Amino acid sequence: MRRQARSACPGHRKPMVNVDTRKLLRSLAKLIEKPEIKALQVSLVQTLEQLVEAESISLFEIRTLKQVGSDQAEDFLVPVGIDDSFEEDDAPLILLREEPQFMECCRSQNLVIAPRSAADGAGAPLRFIHPIFGMKGVTGFLVIDAAEHIERDQEMAAIFLGFIRNYILLLNDNQRDHLTGLLNRKCFDDKVMKMILTLGSINKRDADKVCYCLAVLDIDHFKRVNDTYGHLMGDEVLLHFSQCMNETFREYDLLFRVGGEEFVVVLRNVDAERAQTVMERFRKVVETHYFPQVGQVTASIGVTFIGPHDLPGMVMDRADQALYFVKEHGRNQVAFYEQLVAQGKLLPKQVESDIELF
Ligand SMILES: Nc1nc2c(ncn2[C@@H]2O[C@H](COP(=O)(O)OP(=O)(O)OP(=O)(O)O)[C@@H](O)[C@H]2O)c(=O)[nH]1
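Residues numbered from 1 in each chain as written. Predicted model: local features only at pLDDT ≥ 70, side-chain atom pairs only at ≥ 80, totals over all residues. Heavy atoms only, no water.

A separate point is the site of the ligand. Neighbouring residues of the ligand: 16 residues in total, closest His221, Phe222, Asn226, Asp235 and Arg257. For the ligand, an oxygen atom lies 3.1 Å from a polar atom in the backbone of isoleucine 219. The separation between an oxygen atom of the ligand and a polar side-chain atom of arginine 331 is 2.9 Å. Starting from 670 Å² of accessible surface for the ligand in isolation, the protein chains cover 66%. Elements represented by at least two residues in the shell around the ligand include exactly strand E7 (212-219), helix H6 (222-229) and helix H7 (231-248). Per-element accounting of the shell around the ligand gives the leading share, four residues, to H7. Tallied by class, the residues present in the shell around the ligand amount to three nonpolar, five polar and eight charged. (Near = heavy atom within 4 Å. Polar contact = N/O pair within 3.5 Å; in protein donor to acceptor, adjacent residues only side chain to side chain. Areas by Shrake-Rupley, 256 points an atom, 1.4 Å probe, with all protein chains shown as cover. Helix = DSSP H or I, 4+ residues; strand = E, 2+ residues; numbered from the N terminus. Nonpolar A, V, L, I, M, F, W, Y, C, P; charged D, E, K, R; others polar.)

Here it is in structure tokens:
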């Protein structure tokens, strides 16, 4: 059957889709391909590189860190790597308070346009600093160095950032536990699987540079708390416990609530000794924290290292075994699965086959 020519409705002409719009739509679709904050930011830069006139586009994250030998944490600007060759841990740290233009962007929560002189060693004469918003206000910056001020380009960058912000809020809602705000169980499986794949893909030369240490933290006798003070007070304890986690661990450690009173933390690139120190410090923080009405609460902690041939369930299983060991030996302690096995206190877990023979 021949298609009838579409009759144009008077007064309503379909807008022409020009090449730019198509390109924009394709960019938008590509942008949200990977539902992960870092991947989103990286593809934002790659997208903008194609759409705006710029000499360079870069990302910075604000990280609150303690410098060696100092007790006080300060905000630093840390460049975010766009390609794999960039090692974020080796990146130079820039003190945020010494960067007036970035400080202004934080304060105004708006685009800051900074003229640059040759004395800055600058190529492009203009720097556009866009704020990136996270759950707690400005968490980073998108920096565009360009030869001239093309309003449409900066507007486009701001629109993309707004779009990503909303998308991240949605993602967060999906990935976070509603009571504590920590990452949830579903997110745990995804993230741990990604770490296992990373471990499997790095070459032998770098194998000792990347490692992940996973700890299960379980509140002791939590049932008693619920039974004595009620469920609402129990929830309050869970909330305080998660705050202790947020205050004790580093910004880039991953913190999860994986079950009722069971939490997980994944530390990156630490050896067993360091992990022991960090977990012991957390155990003491909980032991000495005042939990309203309830008073003192303690936690038992089981730790293991993630390996390249693991599955998320296998890692949890080992950490749980170390945790049960602690529960059976007085609670309020930290135990490493690998150490317990080496000491003959635990039998190594056999990898169970998924295939049933009969
Ligand atoms: N308030 C509150 N309680 C919860 C939540 N999820 C699970 N629980 C409670 O957590 C308690 C866990 O109890 P058990 O698994 O027996 O462990 P425990 O009492 O902490 O004892 P140990 O782990 O052996 O030290 C149960 O009473 C659950 O009802 C929650 O979201 N809120």
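Moving on, we come to the environment of methionine 193. For methionine 193, the position within the fold is in helix H5 (residues 185-201). The exposure class of methionine 193 is partly exposed, given its relative accessible area of 28%. Note: C-alpha distance between methionine 193 and leucine 311 (118 residues apart in sequence) is 6.7 Å. (Buried < 20%, exposed > 50% of the residue type's maximum accessible area, 1.4 Å probe, protein only.)

Membership of the largest hydrophobic core comes to 32 residues, with the highest contact counts inside it found for Leu217, Phe241, Met245, Phe249, Leu267, Met279 and Phe282. Looking at this core, the elements that each hand over two or more residues are E7, H6, H7, strand E9 (262-268), helix H8 (272-288), strand E10 (299-305) and strand E11 (334-336). When residues no more than four places from it in sequence are discounted, the contact partners of leucine 267 are Cys211, Tyr212, Cys213, Phe249, Arg250, Asp253, Ala275, Val278 and Met279. Judged by nonpolar contacts, the second largest core, of 24 residues, contains Leu31, Leu40, Ile132 and Met156. (Core = buried A, V, L, I, M, F, W, Y, C linked by side-chain atoms within 4.5 Å. Contact = heavy atoms within 4.5 Å.)

The subject of this paragraph is the packing of helix H2 (residues 37-51) against helix H4 (residues 151-175). Interaxial distance between H2 and H4 falls to 11 Å at its minimum, and their mutual angle equals 160 degrees. When the axes of H2 and H4 are compared, the pair comes out roughly antiparallel. Remark: the crossing between H2 and H4 carries right-handed chirality. Every residue of H4 that contacts H2 at Ile37, Leu40, Leu44, Thr47, Leu48 and Leu51 is listed here: Arg152, Asp153, Met156, Ala157, Phe160, Leu161, Ile164, Tyr167, Ile168 and Leu171. A breakdown of the residues in the contact of H2 with H4 according to their chemical character gives 13 nonpolar, one polar and two charged. (Axes fitted to C-alpha atoms, helices over the stretch in contact; angles between N-to-C directions. Parallel < 35°, antiparallel > 145°, perpendicular 65-115°, else oblique. Left-handed = near helix turned anticlockwise from the far one by under 90°.)

This paragraph deals with the environment of cysteine 211. In this structure, cysteine 211 sits in the loop between H5 and E7. Sequence separation between cysteine 211 and proline 308 is 97 residues, and the spatial gap between their C-alpha atoms is 9.6 Å. In this structure cysteine 211 touches Leu199, Leu267, Arg268, Asn269, Val270 and Phe305, once residues within four positions along its chain are discounted.

Another point: H2. Compared with the 21 Å implied by 1.5 Å per residue over 15 residues, the 21 Å span of H2 between its first and last C-alpha is a close match. Inspection of H2 places Ala39, Leu40, Gln41, Val42, Ser43, Leu44, Val45, Thr47, Leu48 and Leu51 among the buried residues, and these make up the whole buried set. (Expected span 1.5 Å × (residues − 1).)

Further remarks concern the environment of isoleucine 94. Tracing the backbone through its elements, the reader meets isoleucine 94 in strand E3 (residues 94-95). Looking at isoleucine 94, the relative accessible area reads 28%, which means it is partly exposed. Between the C-alpha atoms of isoleucine 94 and phenylalanine 76, which are 18 residues apart in sequence, the distance is 5.4 Å. Once you skip the residues sitting within four places of it in the chain, isoleucine 94 turns out to touch Phe60, Asp75, Phe76, Leu77 and Glu99.

Looking now at unusual backbone geometry. Look at histidine 221: it is not a glycine, yet its phi comes out positive at around 50 degrees. Following the sequence through the fold, histidine 221 ends up in the loop between E7 and H6. Not every positive phi belongs to a glycine, and asparagine 269 is a case in point at roughly 50 degrees. Looking at the secondary structure, you find asparagine 269 in the loop between E9 and H8.

Our next topic: the pattern of salt bridges. Under the defined criterion, the tally for this structure stands at 16 salt bridges. Two residues, aspartate 145 and arginine 127, come together in a salt bridge whose shortest N-O distance is 2.8 Å. Of this pair, aspartate 145 sits in strand E6 (residues 137-146) while arginine 127 sits in strand E5 (residues 126-134), and the two are 18 residues apart along the sequence. Here the two residues aspartate 145 and arginine 127 agree in accessibility, since each one is buried. Here lysine 327 and aspartate 220 are joined by a salt bridge, their closest N and O atoms 2.8 Å apart. Here lysine 327 is found in helix H9 (residues 312-328), whereas its partner aspartate 220 is found in the loop between E7 and H6, with 107 residues between them in sequence. (Salt bridge = Lys/Arg side-chain N within 4 Å of Asp/Glu carboxyl O.)

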